[in-house]
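Remarks on the overall topology
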Amino acid sequence: MMPSSKQFLWMSVNLLVFLQLLDLHSAFAAGKQVITIAYLTQQQTKQAPLSNLDPFIDNKGLPGGELAITDNNTTGQFTGQEFVLKKFIVPNNGNAVDVFSKSILNKYNFVVSMLTKTDLLKIAEMASAKPMLVLDAATQDDDLRNEQCRSNILHVLPSRSMRADALAQYMMKKRWTHWFLVIGNKPDDQLFANAIKRAAKRFGIKIVAEKTWEHTFDARRSAQSDVAVFTQTEEYDVLVVADEQGEFGEYLDYRTWLPRPVIGTQGLIATAWHRTHEQWGATQIQNRFKDLTGRWMEEQDYAAYLAVRAIGEAATRTQSKDAQQVKDYMLGEKFALQGYKGVPLSFRLWDGQLRQPLLLAAPRSLVAVAPIEGFLHPKTELDTLGYDQPESTCKIKKQ
Amino acid sequence: MNKYNLILLLAVLSTVTRAETVFVTLEKDNALAVVDPIAGQLIKTINVGQRPRGIAISPDNKKLFIATSDDNTIKVFDAETLKELTKLPSGDDPETFALNPKADRLYVSNEDDSMVTVLDIAKKKAIKQIKVGVEPEGIAVSPDNHWVISASETTNMLHWIDIKSGTIVENTLVDPRPRAVNFTMDSQQAWATSEMAGTLTILDTQSKKIIKTIHFAIPGVTNDTIQPVGIAIDNKRQRGYVALGPANRVAVINAQTYEVESYLLVGQRVWNLAFSPDQKRLYTTNGVSNDISIIDLESQKVTKSIAVGTYPWGVAVKP
């Protein structure tokens, strides 16, 4: 039986639709999916250093992001994806928020931010109604992960409370539970001190004395005598220093009245990355980074690396460049980021913080890795560091 | 010769033929431990070079290949006399490698360069370099000599290299940080462990598709510490064994149903595995407790542990 003219028409339409679908499919297969990530940073002002040993690094973070893009693309060549890092480096007298609103907003799905808390909150606000995910690779502020939290920001660097908890766990293991807290006069130093106090309370450590370093004299010339006088106080086990910019902390060790170790922002520090770290394949990335830059990988480089790798990992697994889909995968059960720390890294759903082990490092030796054995948690020991779900005051769901 | 002497002689001969030698590379001691597993004794330790890790024995059991990572070479030893015969140009920092069935080619993972290097053993020359994913680690040649699989730790992929053409024909995305890969004796399946995800992926060689992903879970052990590494599958494909790293256990898997039958407690940070030639025993290297464990496979019990030296890494067995 011959098909009627109507039937024939339908068949042709079907065929046409089929051909179009076929065409679309082949076009997709031939073209690469391009995932572009904006990297936004502002040039840093060089601070007066206490020691001239460490050269000032003006691009902390950037080479980490570049290394991660290379790694993403090595994977991408096998999955038909191409990753591009678009760099926005705002001069130190420029306005990063303006650059964001003019050049990044509405143009990119993914932003790696190296901005300060104030600027980060501004860009997150602007991006809130857009399909955009912000990965913060620069701040350590606890309030950004609590009362000031935003649903479109994920935080890569460990918060101050995570660092303080890591130090406290190791001090508990050593039973050095009487602390003398020395705080610098900058607002950030106070924030670190608050995290230290919180950790002390959490782990049953006693802060026997607390003093503020006033900078009322030239520390370079008088550190020897002044530190000795300054540190005469109650009996204590360790001196905990809160000096984030490194204005005086390095001068405390070996100059205290009592022979006591220094921990905190100097001496034994808790950090996401350190040049002494070699375990779990870390040697490989340390070498690759040094080959690329000729310098050691800093914590910010590591954070930018992880941020770009996290986007890469989620985009590869989902085969998507859609901000929501990528974010959903990142916050999902299956997401496991390899960060050279021996355990898979993932994001906390309640505050968007990347859960990760912290390195407890002295300048030339890795002392321990927190969480310290024996600090238990029903879900993952990594959540013994920082604000756990019941403690979090972040009321916005990240998903 | 009287009858009793003859029996005695035969008895002695049969013991001699049954005795096997286990070789263990000691990463921190820069040495090779030589162990008599039947007697349960460390016979001797010999220096082999800086930071020895990967180890393999040739199919005729005459040559021993050892990657001495910090010497940037793979050394070849006489498996009987343990004299060094030659050095192969492996590229920088060799860790793992695989020998083809004819033992004329060696496939080496170059972790820092994202490459697989193909070495002609007789000519002592690199004949090809194949670009793979970031930080290639586990590598295996199929027993039928058709495929090489290279696992890249950071790219999270298995790269299927066709031996004839020397090119990658397929890439399979697996769970995070694939470490080790191994083929079944019939070459029909490839098994790969993912350290970060705590999983084992079983793939079909023909289709290169994933047949099954096995998630390891041990009561009382947190998931973070279950980090699967070395794989051994028996020749009849009845059971497979997976070393679970800092979980200090070897998982026993039914290779037909893919059920995990049990977890056997061995030494600390169990890393690599090797069968005895008759496949009645399994030897494990335990990196942190500095020993090897012997598992009797008939009773499925750990029967012995033998202290061998610091950071035991790889293991190979000579009949």
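Use the structure listed above.
My aim in this report is to walk through the structure given alongside it, one point at a time. As the structure is a prediction and not an experimental result, all values here were calculated from the model. (Residues numbered from 1 in each chain as written. Chains lettered and ligands numbered in written order. Predicted model: local features only at pLDDT ≥ 70, side-chain atom pairs only at ≥ 80, totals over all residues. Heavy atoms only, no water.)

We now examine the sheet that holds strand S13 (residues 147–152) of chain B. Ordered in space as S12-S13-S14-S15 (chain B), the 4 strands form an open sheet in which the pairing is antiparallel. Every interior strand has two partners, whereas the edge strands, strand S12 (136–141) and strand S15 (167–173) of chain B, have only one. Each strand axis lies, on average, 20 degrees off the axis of its neighbour in the sheet, ignoring direction. Where strand S14 (residues 157–162) of chain B and S15 of chain B come together, 6 bridges link them in antiparallel fashion. Its bridge partner lying in S15 of chain B, Asp162 of chain B is registered against Thr167 of chain B. Relative to the sheet, helix H2 (residues 62–79) of chain A contacts S14 and S15 of chain B, its axis offset from that of S14 of chain B by approximately 55 degrees. (Pairing = 2+ DSSP bridges. Helix = DSSP H or I, 4+ residues; strand = E, 2+ residues; numbered from the N terminus. Axes fitted to C-alpha atoms, helices over the stretch in contact; angles between N-to-C directions. Contact = heavy atoms within 4.5 Å.)

Residue and element names in this part refer to chain B. Relative to the helices and strands, Thr205 resides in the loop between strand S18 (199–204) and strand S19 (210–215). On the basis of relative accessibility, which here comes to 5%, the residue Thr205 falls in the buried class. Along the chain, Thr205 and His215 lie 10 residues apart, while their C-alpha atoms are 21 Å from each other. Setting aside its immediate chain neighbours within four residues, Thr205 contacts Trp147, Trp160, Phe183, Ser187, Gln188, Gln189 and Ala190. Among the polar contacts listed, one links the side chain of Thr205 to the backbone oxygen of Ser187, at a separation of 2.7 Å. (Buried < 20%, exposed > 50% of the residue type's maximum accessible area, 1.4 Å probe, protein only. Polar contact = N/O pair within 3.5 Å; in protein donor to acceptor, adjacent residues only side chain to side chain.)

The next subject is the interface of chain A and chain B. Counting from both sides, the interface comprises 26 residues of chain A and, opposite them, 24 residues of chain B. In total, about 2000 Å² of surface goes out of reach between chain A and chain B, with carbon and sulfur atoms giving 53% of it. Viewed at the interface, chain B and chain A are joined by 1 salt bridge. For the interface between chain A and chain B, the tally reads 9 residue pairs in polar contact (both at pLDDT 80 or more). Going through the elements one at a time, H2, helix H8 (282–293) and helix H9 (299–318) of chain A are the ones with two or more residues in the side of chain A that touches chain B. Residue composition of the side of chain A that touches chain B, by class: 9 nonpolar, 11 polar and 6 charged. (Buried area = accessible area lost by both parts, 1.4 Å probe. Salt bridge = Lys/Arg side-chain N within 4 Å of Asp/Glu carboxyl O. Nonpolar A, V, L, I, M, F, W, Y, C, P; charged D, E, K, R; others polar.)

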